Amino acid sequence: MKDKFYQYILKLQDQITSILESVDGRAKFREDLWERSEGGGGRTRVIENGAVFEKGGVNISAVHGKLPETMQKMFGVGEADFFACGLSLVIHPKSPMVPTVHANWRYFEMYDDEGKVINSWFGGGQDLTPYYLFVEDAKHFHKTCKTACDKHNLKFYPKFKKQCDAYFWNAHRHEARGVGGLFFDYCKVTEEVSMGDWFNFVSEVGNSFCDAYVPIVEKRKGLPYTPEQRTWQEIRRGRYVEFNLVHDKGTLFGLKTNGRIESILMSLPPHVQWHYDHHPVSGSEEEKLIQILENPTDWV
């Protein structure tokens, strides 16, 4: 399974970066191949200063070795070997009218002293972070997520949508990071679901990503915006940074397993602002966004 999924994310990275380069029309992804001293490595691709995308990364990694002590405590296990691979992407558009997007699909295995798999699971999801709310965009993103889920289990979309709202919650700000999408983790074998079933589901979601995001970018990338709207975007990016550095499990896993720091922190936008005690003007489009973020919405 680990080889099957790794081959899948290799192809998916090629597909997504090719499509995003076409959408941008100017910038190309820079590729870095890297190795981890403890075992494994990855292929990082970053796009910067494009016509549409100010900064973004579409990265894959496959790492293995001894499970660090911090992760042993997190999983409630003793010493063990592990393997983890996945694709992680974050795209920060230049225009505040175009939402930021994040996605991740991953697979994890743990082994006993004889090298036998003692635990394995899939995880992942995709979520949208707008700076100005276009209701039809949020609905399109969620409908695409639901369509992918419904092909496998009608319970998946409501369950994983709810988990996304709970996970991407900036508790210290009492608001969501964005308008959500899907989040699933520890997807393991049960009497009803095989690991092959989980692979089919996760790859279905991965294959749906461009259908969920690219039409929104194409629709919004040409809209005009003011310097004040750009400032608002950078203030909201600050909240994005706060979530990734304080709460995000993927970021913390990378930092605690001696991951490649440039790849881990590629999710951070290049221009960010923090204003003391900032509040949007009453009745403004900015306030409307905050009201939505404080109360997760059923978009479908």
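Residues numbered from 1 in each chain as written. Predicted model: local features only at pLDDT ≥ 70, side-chain atom pairs only at ≥ 80, totals over all residues. Heavy atoms only, no water.

## Some words on the pairing of strand β5 (residues 100–111)
When a strand is regular, its side chains alternate between the sheet's two faces.
At step 1: For β5, a buried count of 11 out of 12 residues is recorded, marking the element as mostly surrounded by other parts of the structure.
At step 2: Relative to β5, strand β4 (residues 81–93) is paired through 11 bridges, and the arrangement is antiparallel. Across the sheet, residue Cys85 finds its bridge partner in β5, namely Tyr107.
At step 3: Taking the residues between adjacent antiparallel strands as the criterion, β4 and β5 are bridged by 6 residues.
At step 4: The sheet contact formed by β5 and strand β6 (residues 117–129) spans 12 bridges and is antiparallel. Directly across from Thr100, in β6, lies its bridge partner Thr129.
At step 5: Joining the antiparallel neighbours β5 and β6 is a turn of 5 residues, in which Gly115 adopts a positive phi near 85 degrees. (Buried < 20%, exposed > 50% of the residue type's maximum accessible area, 1.4 Å probe, protein only. Helix = DSSP H or I, 4+ residues; strand = E, 2+ residues; numbered from the N terminus. Pairing = 2+ DSSP bridges.)

## Overview of the side chain of Asn170
At step 1: Positionally, Asn170 belongs in strand β7 (residues 169–170).
At step 2: Residue class for Asn170 comes out buried when judged on its relative accessible area of 0%.
At step 3: Of the polar contacts made by the side chain of Asn170, one reaches the backbone oxygen of Arg239; its length is 3.1 Å.
At step 4: Residue contacts for Asn170: discarding those within four places in its chain leaves Glu175, Arg239, Glu242, Phe243 and His247. (Polar contact = N/O pair within 3.5 Å; in protein donor to acceptor, adjacent residues only side chain to side chain. Contact = heavy atoms within 4.5 Å.)

## With respect to the sheet that holds β4
At step 1: The antiparallel open sheet is built from 7 strands, whose spatial order is β1-β2-β3-β4-β5-β6-β9. The sheet is open, and its two edges are formed by β1 (30–35) and β9 (180–187), each paired on a single side. Strand after strand, the sheet turns through a mean of 5 degrees between neighbouring axes, direction not considered.
At step 2: In this sheet, β9 lies alongside β6 in antiparallel orientation, the contact comprising 6 bridges. When the bridges of β9 are listed, Gly125 appears paired with Phe183. (Axes fitted to C-alpha atoms, helices over the stretch in contact; angles between N-to-C directions.)

## Describing the packing of aromatic side chains
At step 1: Per the counting criterion, the structure on display carries 23 aromatic pairs.
At step 2: Both rings, one in Phe108 and one in Trp121, keep their centres 4.6 Å apart while their planes meet at 20 degrees; by these two values the pair is stacked. Taken together, the positions of Phe108 in strand β5 and Trp121 in strand β6 put the pair 13 residues apart, joining distant regions of the chain.
At step 3: These aromatic residues form a ring-pair network of at least three members: Phe5, Tyr8, Tyr107, Phe122 and Phe199.
At step 4: Taking NZ or CZ as reference, Arg220 lies 3.8 Å from the ring centre of Phe134, over its face. (Phe/Tyr/Trp six-rings, centres within 6.5 Å; stacked < 30°, edge-to-face > 60°. Lys NZ or Arg CZ within 6 Å of the ring centre and 35° of its normal.)

## Digging into the nonpolar core
At step 1: Membership of the largest hydrophobic core comes to 65 residues, with the highest contact counts inside it found for Phe5, Leu89 and Trp105.
At step 2: No other element matches the 13 residues that helix α5 (residues 195–220) contributes to this core.
At step 3: Ignoring any residue separated from it by four or fewer positions in sequence, one finds Phe5 in contact with Cys85, Gly86, Trp105, Arg106, Tyr107, Phe122, Phe199 and Val202.
At step 4: Formed by 11 residues, the second largest nonpolar core is a distinct cluster that contains Val63, Leu67, Ala80 and Phe82. (Core = buried A, V, L, I, M, F, W, Y, C linked by side-chain atoms within 4.5 Å.)

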